[in-house]
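Results of the structural survey
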Protein chains: 4
Amino acid sequence: MGNSFGKLFKITTFGESHGVALGVTIEGCPAGLKIDEDFIRAEMQRRKPGQSKITTQRKEEDEIEILSGIFEGQTTGTPIGIVIRNADQKSKDYSHISDKFRPSHADYTYFEKYGLRDYRGGGRSSARETAARVAAGAIAKQLLATKGISVQAFVSQVGDLALKKPYQELDLHKAEENIVRCPDPETADQMIELIDSVRKDRDTIGGIVSCVIKNTPAGLGEPVFDRLHAELGKAMLSINAVKGFEFGSGFEGVKMRGSQHNDAIVKEGDQIKTLTNHSGGIQGGISNGEDIYFKVAFKPVATIMQDQDSINEAGEKVTVSGKGRHDPCVVPRAVPIVEAMAALVIADYLLLSKTNKLRDL
Amino acid sequence: MGNSFGKLFKITTFGESHGVALGVTIEGCPAGLKIDEDFIRAEMQRRKPGQSKITTQRKEEDEIEILSGIFEGQTTGTPIGIVIRNADQKSKDYSHISDKFRPSHADYTYFEKYGLRDYRGGGRSSARETAARVAAGAIAKQLLATKGISVQAFVSQVGDLALKKPYQELDLHKAEENIVRCPDPETADQMIELIDSVRKDRDTIGGIVSCVIKNTPAGLGEPVFDRLHAELGKAMLSINAVKGFEFGSGFEGVKMRGSQHNDAIVKEGDQIKTLTNHSGGIQGGISNGEDIYFKVAFKPVATIMQDQDSINEAGEKVTVSGKGRHDPCVVPRAVPIVEAMAALVIADYLLLSKTNKLRDL
Amino acid sequence: MGNSFGKLFKITTFGESHGVALGVTIEGCPAGLKIDEDFIRAEMQRRKPGQSKITTQRKEEDEIEILSGIFEGQTTGTPIGIVIRNADQKSKDYSHISDKFRPSHADYTYFEKYGLRDYRGGGRSSARETAARVAAGAIAKQLLATKGISVQAFVSQVGDLALKKPYQELDLHKAEENIVRCPDPETADQMIELIDSVRKDRDTIGGIVSCVIKNTPAGLGEPVFDRLHAELGKAMLSINAVKGFEFGSGFEGVKMRGSQHNDAIVKEGDQIKTLTNHSGGIQGGISNGEDIYFKVAFKPVATIMQDQDSINEAGEKVTVSGKGRHDPCVVPRAVPIVEAMAALVIADYLLLSKTNKLRDL
Amino acid sequence: MGNSFGKLFKITTFGESHGVALGVTIEGCPAGLKIDEDFIRAEMQRRKPGQSKITTQRKEEDEIEILSGIFEGQTTGTPIGIVIRNADQKSKDYSHISDKFRPSHADYTYFEKYGLRDYRGGGRSSARETAARVAAGAIAKQLLATKGISVQAFVSQVGDLALKKPYQELDLHKAEENIVRCPDPETADQMIELIDSVRKDRDTIGGIVSCVIKNTPAGLGEPVFDRLHAELGKAMLSINAVKGFEFGSGFEGVKMRGSQHNDAIVKEGDQIKTLTNHSGGIQGGISNGEDIYFKVAFKPVATIMQDQDSINEAGEKVTVSGKGRHDPCVVPRAVPIVEAMAALVIADYLLLSKTNKLRDL
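By the naming in an unreviewed UniProt entry, chain A is Chorismate synthase, taken from Algoriphagus ornithinivorans. According to the UniProt record, the Pathway (unreviewed entry) comment for chain A reads "Metabolic intermediate biosynthesis; chorismate biosynthesis; chorismate from D-erythrose 4-phosphate and phosphoenolpyruvate: step 7/7." In the Catalytic activity (unreviewed entry) part of its UniProt record, chain A is described as follows: "5-O-(1-carboxyvinyl)-3-phosphoshikimate = chorismate + phosphate".

**Comments concerning the overall build of chain A**
If you tally the helices and strands in chain A, you get seven helices and 18 strands. Its C-alpha atoms give chain A a radius of gyration of 21 Å, near enough to 21 Å, the size a compact globule of 361 residues would have. Taken along its principal axes, the extent of the C-alpha atoms in chain A is 65 × 50 × 35 Å. Residues counted as buried form 71% of the 361 residues belonging to chain A.

**Topic: the relation of the copies chain D and chain A**
Once chain D has been moved 0.0 Å along the axis and rotated by 180°, it coincides with chain A to within an RMSD of 0.0 Å. In the structure described here, the two chain copies are related by an operation that fits a two-fold rotation axis. Minimal C-alpha separation from the rotation axis in chain D is found for Thr12(D), amounting to 3.8 Å. Comparing interface residues between copies, 98% of those in chain D also sit at the interface in chain A, which points to an isologous, same-surface contact.

**Quick word on the pairing of strand β11 (residues 242–247) of chain B**
The two faces of a sheet get side chains in turn, since along a regular strand they alternate between them. Within β11(B), six of the six residues are buried, which leaves the element mostly enclosed by the surrounding structure. Taken together, the three bridges between strand β11 (residues 242–247) of chain A and β11(B) define a ladder with antiparallel strand orientation. Bridge pairing in β11(B) places Glu246(A) opposite Gly244(B). Bridge count between β11(B) and strand β16 (residues 292–298) of chain B: five bridges; the pairing is antiparallel. Looking at β16(B), one finds that Gly244(B) is bridged to Ala297(B).

**Observations concerning unusual backbone geometry**
All names here are of chain C. Between Pro223 and the following residue, Val224, the backbone shows a cis peptide bond with an omega angle of 5°. Looking at where Val224 falls in the secondary structure, it is placed in the loop between β10 (207–214) and α5 (228–237). A positive phi angle is found at Arg181, which is not glycine, with a value near 65°. With respect to the element layout, Arg181 can be found in the loop between β9 (161–162) and α4 (185–200). With a relative accessible area of 7%, Arg181 lands in the buried category.

**What about the sheet that holds strand β16 (residues 292–298) of chain C?**
Read from one edge of the open sheet, 10 strands run β9(C)-β8(C)-β10(C)-β16(C)-β11(C)-β11(D)-β16(D)-β10(D)-β8(D)-β9(D), paired in antiparallel fashion. Here the strands that pair on one side only, and so sit at the sheet edges, are β9 of chain C together with β9 (161–162) of chain D. Where strand β8 (residues 150–158) of chain D and β9(D) come together, two bridges link them in antiparallel fashion. Within β9(D), the residue paired with Val158(D) across the bridge is Leu161(D).

**As for the relation of the copies chain A and chain B**
Here chain A sits on chain B after a turn of 180° about the axis and a move of 0.0 Å along it, with an RMSD of 0.0 Å. When the interface residues of chain A are mapped onto chain B, 100% of them again fall at the interface, so both copies present the same face.

**Description of the interface of chain D and chain A**
On the side of chain A, 43 residues touch chain D, which itself brings 44 residues to the contact. Of the roughly 3300 Å² buried at the junction of chain D and chain A (both faces included), carbon and sulfur atoms supply 59%. It is Phe14(D), Leu67(D) and Phe71(D) that lose the most area in chain D upon contact with chain A, and together they represent 19% of the buried surface on that side. Our count for the contact surface shared by chain D and chain A stands at two salt bridges. Where Glu65(A) meets Arg85(D), a salt bridge forms, and the shortest distance between an N and an O atom there is 2.8 Å. The tally of links between chain D and chain A comes to 16 residue pairs in polar contact (both at pLDDT 80 or more). Taken together, the elements giving at least two residues each to the side of chain D that touches chain A come down to β2 (10–14), β3 (21–27), β4 (64–66), β6 (74–75), β7 (80–85) and α2 (107–114) of chain D.

**Description of the interface of chain A and chain B**
At the junction of the two partners, chain A supplies 108 residues and chain B supplies 108 residues. Surface buried jointly by chain A and chain B totals about 8400 Å² across both partners, of which 59% is contributed by carbon and sulfur atoms. Remark: the boundary between chain A and chain B carries eight salt bridges. Lys234(B) is paired through a salt bridge with Asp226(A); the nearest N and O atoms lie 2.6 Å apart. On inspection of chain A and its partner chain B, the count reaches 50 residue pairs in polar contact (both at pLDDT 80 or more). Of the residues in the side of chain A that touches chain B, the class split is 40 nonpolar, 42 polar and 26 charged.

**Regarding the UniProt feature "binding site: NADP(+)" (unreviewed entry) in chain A**
Residue and element names in this part refer to chain A. As annotated by UniProt and renumbered to match this structure, "binding site: NADP(+)" (unreviewed entry) occupies Arg47 and Lys53. One can find Arg47 in helix α1 (residues 37–47). One can find Lys53 in the loop between α1 and β4 (64–66). Beyond its immediate chain neighbours, meaning those up to four positions away, Lys53 contacts Ile179, Ile192, Asp196 and Arg199.

**Some thoughts on the sheet that holds strand β1 (residues 4–5) of chain B**
Residue and element names in this part refer to chain B. Read across the sheet, five strands follow the order β1-β2-β3-β7-β4 without closing on themselves; strand pairing throughout is antiparallel. Of all the strands in the sheet, just β1 and β4 (64–66) have a single pairing partner and so form its edges. Note: strand β2 (residues 10–14) against strand β3 (residues 21–27), five bridges, orientation antiparallel. Within β3, the residue paired with Phe14 across the bridge is Gly23. Sitting on the sheet, helix α3 (residues 130–145) touches β2, β3, β4 and β7 (80–85), and the angle it makes with β3 is about 30°.

Definitions and limits used
- Residues numbered from 1 in each chain as written.
- Chains lettered and ligands numbered in written order.
- Predicted model: local features only at pLDDT ≥ 70, side-chain atom pairs only at ≥ 80, totals over all residues.
- Heavy atoms only, no water.
- UniProt positions renumbered as here; feature names shortened; annotations may be inferred.
- Helix = DSSP H or I, 4+ residues; strand = E, 2+ residues; numbered from the N terminus.
- Rg over C-alpha atoms; globule rule 2.2 N^0.38 Å.
- Buried < 20%, exposed > 50% of the residue type's maximum accessible area, 1.4 Å probe, protein only.
- Least-squares fit on C-alpha atoms with pLDDT ≥ 70 in both.
- Contact = heavy atoms within 4.5 Å.
- Pairing = 2+ DSSP bridges.
- Buried area = accessible area lost by both parts, 1.4 Å probe.
- Salt bridge = Lys/Arg side-chain N within 4 Å of Asp/Glu carboxyl O.
- Polar contact = N/O pair within 3.5 Å; in protein donor to acceptor, adjacent residues only side chain to side chain.
- Nonpolar A, V, L, I, M, F, W, Y, C, P; charged D, E, K, R; others polar.
- Axes fitted to C-alpha atoms, helices over the stretch in contact; angles between N-to-C directions.

Written as structure tokens, this is what we have:
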């Protein structure tokens, strides 16, 4: 339980940080989709460690190997198996933490749940696991692209440095032009500087990733429990270090009056639109065709290069200190992960929506 | 798809706002649980309309009828079927909105998804559906009570009126002593006044419900996708009018440094504890035994007593105006719904956790 | 777990033999299907007790009440809730068996599983539960009818009295013209006589129900685990008293050589056909467009009007004897149940098949 | 959809006959189970091709590689990823069948379902896929062994050559002492001779595999739809070439009277037993602690070394003839597959049964 995501377009992952390999099985991708493997590789590059001075300097090439499900360049409708070997697997000595519970990591909770744990680099609880998601998301994105649907995430806040403009006033493609993945170059520079100074303090800091999904058709969502935003929220909250999710007007919306918040419906030419979009493209848990947008809050990375108090498996007081190479701020590398999970949700709900009306069967 | 929630302790609901009845089937409740039907009824009272001057004056008695699964006062392990008849069912004329799309309601999206819709009071998209959840949650709460686990929600913000103290400094039981369900009497009075003034403006306003779960054992959660907070988040986002979810340090946590945010682990007597609880009781998606706490953002109710621009099914411009009896602010009645969904998640994950270790089998 | 069936077109049932009511929630029925309630009622009549001299004389009117999901005569895409009240609920005294385990009933196994049990008429283990399936199946049948798909079952064997002709040589509609539901009038008479004599012996006897599904499109089935026949098999084996399932050539097919068993593929006009149909309309777990046919074996009913040795909950030796009104042979009433489950599987797989090809999206 | 099996102890497989590799992800195996990799390898040997003169002479070493989920020799509770590379992958020319539909294979149905297909050796529809199941089953067996539960299958019929004795009178361990896996040496010799003669005729023949599960505790099963035998039946029917499933008295039981068929319940010492076991160890869908036994019918292999009429993708008449190395009879190699699937079902239901009673929580 817990290693699968999705209903029709469904992924199942396995793998620990320092095991032999990570893997993902992708079910339900319709047959006849041309797969661009280079695109998958490019997405992996966006997530991989060591890509800039503000990310961990650990080296993982994150090479994917596709084992099934694609024949003569196209999906066949059968499950796509992908494996990503852990290059870094044996390079490290974990004896200094093998019986210690690192604060705000999952060491203690895994130990309590399972009675034992793979202590190497966090094992299954490591964010390394998200590499498998990005590979799967890259296939979902290719499916969505055939329908003109795009998913774009970007960093909108680091610490208390936040983007001031709404996303509509920004050129989101600029996000990929700097190492922090913020679409406003000036703010990006400040964010990079902040992360760098935090890193020098041997500390870490949190941030926010925003995401915009464009061109989703109206009608995606499965009320009452599997509302589109509920599934998006779950998808985001399943990413390591995430503490919050909001869509549309979000937490700020609670301060508004209904008369301000309601999105008036109009017809422009043949198209039904809303004048504002406080709904974030989703009403009653179903997409209405407007942009879907949401924010995801990431806490500061738990591994810091400072001494911290904790206990070990025997219940003795110990000191824990981060070693090696870690991210001072997770959000730049989280951008492709957020996109991947969003793409998986939309792909899944697109398929689910195909059987809603008798007249479409 | 979309009408079930949970994996082992699972509910499936049906019913429209103005259909014959709502219903819920509860699967997986262990056998031998003594059921207090009066407690279920009391929970229904907390959610029902017409309970105070700041809620809708609509009358629904929300009488439950238990059809199966309980024998001689105890659960038998078979599914518990509950039906709640709609008293108000035929009392209203909907012709004035039968072909109109109300702004920020689900009228348009349901119509796009299904090609037709039950326009009476929002049909399935109405928050009336949550009555079935509260009935099921009342059974989950009774299961949790046998393990000493409590779930308590309260209103922590209405508009921009927010509780200033952290929950630890409040007597949460006071929440039930006022009609807005805020545990600080002074703030409660202000909130009530605010909601009342908004109502007089023929408008609505949003708010935040906070929730604290105490005495959860360590080890609940199903990484990587079904992390405990991801499922809680989905549960909350599946409630009508919810726009955001955060747990522990939440969105504010992004501003913190790792050295501030990390929760030091200590042993107090026999018990392993954390000195702070920015983690919100969940690490790596698994409970650590500390209080689980989270916040849920509710938008202002979409039905306002004012004229609004919209279109009808034919695409013609129309004016829509709320009629009848509606809530000016949803959060007081949302408190038991948040609790019900939280209780369902914890009950489900408690069962799931029973097969984690070979030595427990 | 265990009270739901199906993936997209999904049912969830509740209810005990002598509880207040049975119920079923039907999810995933596409919107816009016109529902003929009289047809549902007619199907209920085919299953209900007391319909002939060779069935139990118990009286249950099996009146359905539709609580949701249908509006102005059409499905809306939201779940359809149906309740069937137990008229016979309080008429009986169960003290004579309340602590006894009836041989070959589920008394002992429910008691072991749950630690307690509803002893009234078998509780949830009673075949009365199938009434809810027949109601749901009647809706699935109406969906299939819009695609020209028909599902017809009939009794092909009682004891060792078996139909000699293959189904292709029989007029299957004649099955409904006699009380045993065998399409060959002469064999039907013999079967009726046999059942009647068994009844007079205060005994019971087994039988076989065969089923033919016509006009299924090619392409239904979800390999590798959810092969179409695997799901049909599970559906049938989930019916009370079923001991076996075979499709196409079945158990007899094991004696054949590949050269005899293989179905040659030919083109007739525009249509691809097979010359024989040992495959039973399913190859590799996917329908090929030929008739799907299968057989379901039912054991003799466990309740007999004779004294039997058993033990009670205290482990003491006791004598158990059937009382009241029971079926001497279950197959005549099982015919509509087999059809209902088959219709549910085909409806579900029809929906699932709609997202297989990119070009269909 | 369709590539996962199980609810708590769950497997997800991928892989085509002639793709890069097969794989399986095993979720829900409790933590702390010592894994004997040699046992997994031994099970793979029992299924692999080329093991005797009556199986295909194809060479596949079926080497497993465990990629995750096991640490220091024990399961950690995280998913176990296993990959099996296809050694034979590129050795063959498929141009002679690339556009032809082989009779009674899945060529036509996959093509209809997906619009294209991987024609190399049947792709996903090949029985090669079952290698992944055997690997997973070998882990389930090790879990069951800790509870004393054993699963043993054997060949009970080839063509019309059937074992005459009931399994209770046979030493089932002798099944592994001959190449056809029949526990009666004399019948085994006849079966081997029959298969060999069929092979020389360039033909194939069907058979039956029987299976006995011993020491299952009472209480396993999830009525009403997920009855233990329904899930076992589905598991078996999901294996390639299976046409039928029966348990306990099976199809023969339909001829019996209730007075003969009912299993009298007795207490022997502390243990509750039944005098006969027509129920096959399952009553009301729940195990009663007696031996669970069932039979699985396999059709003759579709690939024969003879010319057969068929059509190609263009609808033209063609001749198809088997080439290369194929099994003349599938049952000897099916024995470990039947055991694997049975072990997976029992492991899953064992876990599911752990939350039935409040007093066990």
